[in-house]
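Structural features, examined
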Amino acid sequence: MVSPVDHTASPEPAAQPAAATASADVALRPATWRDIETLAALDAQLFEHDAWRERTWWDEFAARPRRQYVVAVGAAVPQQRVVADGTAHAPEASPDDADDREPSAPSMPRTDGAPHVSANGHPEHILGYAGLDVAGSTADVMTIAVTPEARGTGLGRRLLDHLVTAATHAGAEALLLEVRADNDPALRLYERAGFDRLTVRRRYYQPGDVDAVIMRKLLKETR
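Reading the values: the criteria
- Residues numbered from 1 in each chain as written.
- Predicted model: local features only at pLDDT ≥ 70, side-chain atom pairs only at ≥ 80, totals over all residues.
- Heavy atoms only, no water.
- Helix = DSSP H or I, 4+ residues; strand = E, 2+ residues; numbered from the N terminus.
- Contact = heavy atoms within 4.5 Å.
- Polar contact = N/O pair within 3.5 Å; in protein donor to acceptor, adjacent residues only side chain to side chain.
- Phe/Tyr/Trp six-rings, centres within 6.5 Å; stacked < 30°, edge-to-face > 60°.
- Buried < 20%, exposed > 50% of the residue type's maximum accessible area, 1.4 Å probe, protein only.
- Salt bridge = Lys/Arg side-chain N within 4 Å of Asp/Glu carboxyl O.

As for the environment of Glu191
Among the secondary structure elements, Glu191 is positioned in helix 5 (residues 184-192). Along the chain, Glu191 and Met215 lie 24 residues apart, while their C-alpha atoms are 8.7 Å from each other. Ignoring anything within four residues of it in the chain, the contact list for Glu191 reads Arg197 and Met215. Looking at Glu191, its side chain comes within polar contact range of the side chain of Arg197, at 2.8 Å.

Have a look at this one:
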């Protein structure tokens, strides 16, 4: 079973001046098998206790099209360092899935890890990523994370808006997520995006006995 995780951090710093971090210079594209090694490495740096390992990412990708993952890519950024940006990494798609999903061995062959190349011929760097699970009328945020080079540019909100749009287009009527109760920046971000607090799961995040706030955004009104 994938353990409960919340990919959150402190408030975002001021916007970075580098052109490579500007939101307009960052493109969103579907994540591919070739991104898995990078995503696992970023997760390990972002979320010390609850990072998803490569085999978990393989399982997530194997669950497509129910699972949808997108990466935000930009030009090469020197000496990339990773932290989260005040957004959440939700544990599982729904309570039904959370209790019985066991990671399995990769069913697809490993790739050579070669980086994607952008339209201008330069290697892409992943500056953020986000995931969604759509199961019938309900969708769930799986993860949102942004590297420090892209913090302060609105990329976290852009990724969240992408998930909202994707869930709506998939026919979901509501989008759910879980976030640590002690993460005020993340809570403010989601509330600004139209999410309402539904309930609290006591001592959900371990270690630390931190409560999880369950939030929901109704989507049928956005269609």
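Focus on the packing of aromatic side chains
What describes a pair of aromatic rings is the distance from one ring centre to the other and the angle between the planes of the rings. Counted according to the given criterion, the structure contains 10 aromatic pairs. Each ring, one from Trp52 and one from Trp57, has its centre 5.1 Å from the other, and the planes form 65 degrees; the classification is edge-to-face. Taking the relative accessible area as the measure of exposure, Trp52 reaches 3% and is therefore buried. The interplanar angle of 65 degrees and the centroid separation of 5.4 Å between the aromatic rings of Trp57 and Tyr69 together place this pair among those described as edge-to-face. With Trp57 in helix 2 (residues 54-62) and Tyr69 in strand 2 (residues 67-74), this pair connects stretches of sequence that are 12 residues apart. Grouping residues by exposure puts Trp57 and Tyr69 together as buried.

A word on the pattern of salt bridges
Opposite charge on two side chains makes pairing possible when the charged atoms of those side chains draw close. According to the stated counting rule, one finds 11 salt bridges in the structure shown. When the shortest N-O distance is used, the salt bridge between Arg29 and Glu124 registers 3.0 Å. With Arg29 in strand 1 (residues 27-30) and Glu124 in the loop between helix 3 (95-98) and strand 3 (125-135), the pair connects residues that are 95 residues apart, well separated along the chain. For the pair Arg29 and Glu124, one class covers both residues: buried. The partner of Glu191 in a salt bridge is Arg197, with the nearest N and O atoms 2.8 Å apart. Classification of Arg197 as partly exposed rests on a relative accessible area of 48%. Through salt bridges with shared partners, one network takes in Glu60, Arg66, Arg67 and Asp133.

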